[in-house]
Amino acid sequence: MLAELFLDASRACRVHSPLTHTLLVSAADDLTRGGVTARVMAGAQCDRHGTVPGLRFAGALHRLVLEGRAPALARHYPTVGGEPDLGRLWDDALPVLEEHADELRFLVTSTVVQTNEPGRSAPLFGGLQTATHLAAAEAGRRATFPVRLLEVGASGGLNLRPHRIAYVVDGVAAGDPGSPFELDPKWTGRPPVDVRHPLRLVRRAGCDLDPVDVTTEDGRLHLSSFVWADQLHRFRRLQAAIDLARLDPVPVQRATGPEWLADQLAQPERDVLTVVWHSVVWQYASPADRAMGRAILADAAARATPQAPLALLVYEPRRTHRTDPYEFQLLLKLWPAGVSLRLGSGAGHGIPFTWDTAPWT
Ligand SMILES: C[S@@+](CC[C@H](N)C(=O)[O-])C[C@H]1O[C@@H](n2cnc3c(N)ncnc32)[C@H](O)[C@@H]1O
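Looking at an unreviewed UniProt entry, one finds the protein chain named DUF2332 domain-containing protein, with Saccharothrix hoggarensis as its source organism.

This is the structure:
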């Protein structure tokens, strides 16, 4: 039931976004009573849990606020200079929901969650460094491999330039120290290799069912709307990543993951490490796409050689016995080396992150 899905989503942001939490709890209550939220969400009643309809609802409202079209509600939104008054939030949201119900319904039913989170570039960066070193060791090379990075579910492609970011780890610079986009990855522990080593990305490409063009203002607004509005540090991080993406464009192709991967992986490439990367995509992909994606990757893995290695690097929530309900883990598989590692775990948005290498079973 939709109200339950809203409550599930509210629990996931309770600690980090009191604003979104309060909004979703009130909306769940309104849904149960058949209020205006039910009209806004008409057509989404049967949505799968993984499509997180509550976040689409919160994103649609945030978009109106960012566009300057909901001034009374905007005073609760730090992303436009407001300060949340949680006791009044729902009272101020109700007139906006009533006035814009049709448009909000269109936004909620026509979009997928597009949290393109550049914080995930930090674990990606450490994971790529690890993969290039392990692949070089397997091939008996002194120099690490350059990388061909293929991202499935890339959204606006903001994680396609992990080597162009200035990371500061313990006061030491890594990545591109001259980059206008600086990231403190807040690491506990360290990757198993030296991350100050230069990381060479010779090719980058991404696909998405609904790619976002970050060179347009509509694209910027769309991605911005999915940031929880009381997380100003993430909002600013996103704007910095979009600015960098505009300086260094990498197109994201409209395609389903498996059809695109089949094309990209058709031929093994010598003297580069091909890395298939996805973060927080798996839950949104259909079961058919997941099965097909696994088969395509297995096929490409069987054709990988020490001089044309293939890696799978993922940052996805996983259910574990230790955690409730799940934990975001960075996982690495490498072929033909037969490496299968859990490199660590961290927050859903990639920062902070704890490096802790163990076998991935
Ligand atoms: C929550 S976003 C994550 C975006 C990005 N990976 C990140 O971590 O910032 C999930 C993305 O997966 C895309 N997606 C879902 N299913 C897909 C599929 N079968 N093939 C390609 N993209 C898919 C969605 O369109 C959306 O852009």
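Glancing now at the packing of aromatic side chains. Scanning the entire structure with this criterion turns up 7 aromatic pairs. Consider the rings of Trp 187 and Trp 355, whose centres lie 5.2 Å apart with planes at 85°: the pair is edge-to-face. Remark: Trp 355 occurs in strand 12 (residues 353–359) and Trp 187 occurs in strand 5 (residues 187–188); sequence separation between them is 168 residues. When the ring of Tyr 326 is compared with that of Phe 328, the centres are 5.7 Å apart and the planes differ by 80°; the resulting orientation is edge-to-face. Relative accessible area serves as the criterion here: at 36%, Tyr 326 is assigned to the partly exposed category. The ring centre of Phe 145 lies 4.0 Å from the NZ or CZ of Arg 141, which sits over that ring. Between Lys 333 and the ring centre of Trp 360, over which it is positioned, the NZ or CZ distance is 4.7 Å.

For the rest of this paragraph, the subject is the nonpolar core. Formed by 54 residues in total, the largest nonpolar core has its most connected members in Leu 128, Leu 149 and Leu 313. Tallying contributions element by element places helix 8 (residues 121–139) first for this core, with 8 residues. With sequence-adjacent residues up to four places away left out, Leu 128 is seen in contact with Val 147, Leu 149, Pro 162, Leu 199, Leu 201, Val 275 and Leu 313. With 41 residues, the next largest nonpolar core counts Leu 2, Leu 31, Ala 93 and Val 113 among its residues.

This paragraph deals with empty space enclosed by the protein. Tallied over the entire structure, the rule returns 2 cavities of 30 Å³ or more. In this model, the largest cavity occupies a volume close to 90 Å³. As for the largest cavity, its lining consists of Arg 148, Leu 265, Gln 267, Pro 268, Glu 269, Thr 274, Ala 300, Arg 303, Ala 304, Ala 308, Pro 309 and Leu 310. Within the lining of the largest cavity, the residues separate by chemical class into 7 nonpolar, 2 polar and 3 charged. Estimated volume of the second largest cavity: approximately 60 Å³. What lines the second largest cavity is Arg 56, Gly 59, Ala 60, Arg 63, Leu 107, Thr 111, His 222, Ser 225 and Phe 226. For the lining of the second largest cavity, the secondary structure elements donating two or more residues are helix 4 (53–66) and helix 9 (217–225). Counting residues per element, the lining of the second largest cavity draws most heavily on helix 4, which supplies 4 residues.

Procedures and definitions
Every chain's residues receive numbers from 1 upward, in the order its sequence appears when written. Per-residue local features of the predicted model are confined to residues with pLDDT of at least 70, and side-chain atom pairs are confined, for both listing and counting, to 80 or more; whole-chain, interface and lining totals are unaffected and use all residues. Only hydrogens and water are set aside; all other atoms, that is, all heavy atoms of the structure, feed into the side-chain values. Two rings from Phe, Tyr or Trp (for Trp, the six-membered ring) form a pair when their centres sit within 6.5 Å of each other. Planes less than 30 degrees apart are called stacked, planes more than 60 degrees apart edge-to-face, and all others tilted. Note on conventions: DSSP H or I runs of at least 4 residues are helices, E runs of at least 2 residues are strands, and numbering of each starts at the N terminus. For the exposure calls, accessible area comes from a 1.4 Å probe over protein chains only, and a residue counts as buried if that area is under 20% of its type's maximum, exposed if over 50%, partly exposed in between. Whether a charge sits over a ring depends on NZ of Lys or CZ of Arg being within 6 Å of the ring centre and within 35 degrees of the ring normal. Here the nonpolar core consists of buried residues drawn from Ala, Val, Leu, Ile, Met, Phe, Trp, Tyr and Cys, with membership extended through side-chain atoms lying within 4.5 Å. The contact criterion used throughout is that any non-hydrogen atoms of two residues lie within 4.5 Å. Each cavity reported here is a set of points on a 1 Å grid over the protein atoms alone in which a 1.4 Å probe fits but cannot get out, each pocket an open set with protein on both sides within 12 Å along at least five of seven lines, and each lining residue one with an atom within 4 Å of a point. Grid points are joined across faces, edges and corners, and a volume is the space filled by probe spheres set on the points. By the convention adopted, Pro, Cys, Tyr, Trp, Phe, Met, Ile, Leu, Val and Ala count as nonpolar, Lys, Arg, Asp and Glu as charged, and the other residues, Gly among them, as polar.

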